[in-house]
Amino acid sequence: MNVVEPYWEIYNDGADPDKQEEFTEVDGIRLVRKVEHYARISHRSEEAQTAISWDRFLRAVVLNKGDWSVVEHASLSVTFYVDRGITHEIVRHRLASYTQESTRFVNYAKKMSPSFIYPRPQDLEQDPDWKIAIEACEDGYQRLIAKGWTAQEARSVFPNALGSKIAMTCNLRNWRHYLLMRSTREAHPQMRQVIDPLLLKLKATIPIFFEDIEAGATQADNLKKMR
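This text gives an overview of the structure that appears in the document. (Residues numbered from 1 in each chain as written. Predicted model: local features only at pLDDT ≥ 70, side-chain atom pairs only at ≥ 80, totals over all residues. Heavy atoms only, no water.)

Topic: the packing of helix α1 (residues 25–39) against helix α2 (residues 53–63)
1) Next: The contact between α1 and α2 brings their axes to 10 Å, and the two run at 55°. Taken together, α1 and α2 sit at an angle that is classed as oblique. In this structure, the crossing between α1 and α2 has a hand that is left-handed. Contacts between α1 and α2 involve Ile29, Val32, Arg33, Val35, Glu36 and Ala39 from the first element and Ser53, Trp54, Phe57 and Leu58 from the second.
2) Next: Residues that form the contact of α1 with α2 fall into these classes: seven nonpolar, one polar and two charged. (Axes fitted to C-alpha atoms, helices over the stretch in contact; angles between N-to-C directions. Helix = DSSP H or I, 4+ residues; strand = E, 2+ residues; numbered from the N terminus. Parallel < 35°, antiparallel > 145°, perpendicular 65-115°, else oblique. Left-handed = near helix turned anticlockwise from the far one by under 90°. Contact = heavy atoms within 4.5 Å. Nonpolar A, V, L, I, M, F, W, Y, C, P; charged D, E, K, R; others polar.)

Shown next, in the form of structure tokens:
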């Protein structure tokens, strides 16, 4: 049985696609400058854009006046590796594009071994009863495949703990909404395992749109920030 830690990674679409490079503040500024460019169309002030004008302009137009629609011109893609219970929560966010590892097409007896995510990250060791349950599911899957069941049939014995990769792309306005909803103290602990560090990364690289979001705030407080 292979137990792994959940993780996330940002796809840097400004880099060489054959060399996935870290998403940095330079890349974040590229996105906010893109937002500024399109936001200036309504004012026909494109010629006033400079390398550093984005902060003053976007604070005036977006943060102070609440015109968040212009933020929809820039998008970000993030890949999560989480259990399938958390992927069910992720895809509830409507305004996004998703591609998820398919248990219909991936045969875990041939292509790769299945991985599982332990739901209690605060524990140092997996509970033996949890291990027994997961091992029984994995063994059942392997035996069904050996009997001639297809992957899409045998997958029915897999638990929510099955690790799954899912790519999520949405615009920065919807990323803000997503982080406001999923970084609260009421959010699922396994969701926060990936969302809290992602929030810190975006606060460091695209601060103007995420700087006011604090991990562990109440949902009631964060609802006041949604626009």
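After that view, the rundown keeps rolling.
With respect to the pattern of salt bridges
1) Next: On inspection of all chains with the given rule, the structure shows 14 salt bridges.
2) Next: The residue Asp55 makes a salt bridge to Arg59 at a minimum N-O spacing of 3.1 Å. Of this pair, Asp55 and Arg59 both sit in helix α2, four residues apart, which is roughly one turn of that helix.
3) Next: A salt bridge links Glu72 to Arg173; the nearest nitrogen and oxygen atoms lie 2.8 Å apart. Within this pair, whereas Glu72 is found in the loop between α2 and β3 (75–83), its partner Arg173 is found in helix α6 (residues 172–182), the two being separated by 101 residues in sequence.
4) Next: Residues joined by salt bridges that share partners form a network here, namely Asp55, Arg59 and Glu211. (Salt bridge = Lys/Arg side-chain N within 4 Å of Asp/Glu carboxyl O.)

A look at the packing of aromatic side chains
1) Next: Within this structure, the stated rule accounts for nine aromatic pairs.
2) Next: Taken together, a centroid distance of 4.3 Å and an interplanar angle of 25° make the contact between Tyr141 and Phe158 stacked. Of this pair, Tyr141 sits in helix α4 (residues 128–146) while Phe158 sits in the loop between α5 (151–154) and β6 (163–171), and the two are 17 residues apart along the sequence. For the pair shown, Tyr141 and Phe158 are each scored as buried.
3) Next: Three or more aromatic residues link up through ring pairs in this structure, and these residues are Tyr108, Phe116, Tyr141 and Phe158.
4) Next: Above the plane of the ring of Phe57 lies Arg40, whose end atom (NZ or CZ) is 4.1 Å from the centre. (Phe/Tyr/Trp six-rings, centres within 6.5 Å; stacked < 30°, edge-to-face > 60°. Buried < 20%, exposed > 50% of the residue type's maximum accessible area, 1.4 Å probe, protein only. Lys NZ or Arg CZ within 6 Å of the ring centre and 35° of its normal.)

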